[in-house]
Amino acid sequence: PPVLMPGKQPDKVKRLLLPEKSETNNHVTRYLAGRGIDRDLIDACIHRGALYESLPFHNCVFVGFDEKGIARYACYRSTNDMKIMGDAAGSDKRYSFRTTAKGSILHVFESPIDLLSYMTLKKMETGRWFPEPMLSLGGVYEPNADPEKRRLPVALQNMIENHPEVTGIALHLDNDQTGRAAAWAIDQQLKNRYNITYEPAPKGKDFNDYLMHMK
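Residues numbered from 1 in each chain as written. Predicted model: local features only at pLDDT ≥ 70, side-chain atom pairs only at ≥ 80, totals over all residues. Heavy atoms only, no water.

Draft legend 1. Structural context of the sheet that holds strand β2 (residues 60-65). Across the sheet, 4 strands lie side by side as β1-β2-β3-β4; this open sheet has antiparallel pairing. Two strands in the sheet have a free side with no partner beyond their single neighbour: β1 (51-53) and β4 (85-87). Taken over all neighbouring pairs, the strand axes of this sheet differ in orientation by 25 degrees on average, direction set aside. One ladder, built from 6 bridges, connects β2 with strand β3 (residues 71-77); its direction is antiparallel. Bridge assignment links F65 to a residue of β3, and that residue is A71. (Pairing = 2+ DSSP bridges. Helix = DSSP H or I, 4+ residues; strand = E, 2+ residues; numbered from the N terminus. Axes fitted to C-alpha atoms, helices over the stretch in contact; angles between N-to-C directions.)

As structure tokens, then:
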């Protein structure tokens, strides 16, 4: 009898395992405010469900949602000096931490804290919230030496696929070798489709360093 080959199966939706929530967000609020983040911005993220404090370690948990508002990604960071960080089990990095604003210029960062630092700086400058979309990639890596094997960060790829209104991308990646190399690789892959600008922090390694310097 003929051998029946199975057809291609659709990609399975990852099941996100969110860390348990603490009854309060005191550790998270104190930690992020200590990093210079605007208190109203912290409260807004908590209210939206994009930020909370976990148990039992009282980490910051940053949540990313899909187009239907379903939580699909979460990363955590310790609220002490141990610098423990990572992604929650089942995270889909296509939906990493971002803002819900709409606009033609997409602002891209390596981490949620840098994204929130940039928003804080803009509020310090203008007195209001920044009206353009922002995306955290959840970290970047050195690009593959072979141009044929280079891939866009999946969060960025997903964002531009679902937001045709975006015509420009401002890359606010870290001001180090890895960040500069990642920005260059993104520019090489998208420069024929988008207006790409490289805008690292004016001082320090990243925008949280710069925010702390300004404060």
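Draft legend 2. Representation of the pairing of strand β8 (residues 195-198). Two strands pair when backbone bridges link them, and strand β7 (residues 168-171) and β8 are joined in this way by 4 bridges, in the parallel orientation. Bridge assignment links I169 to a residue of β8, and that residue is I196. In this fold, the crossover linking β7 to β8 by way of helix α5 (residues 177-190) has right-handed handedness. (Right-handed = clockwise from strand over helix to strand, strands pointing away.)

Everything listed here is a matter of geometry and, on its own, says nothing about what the molecule does.
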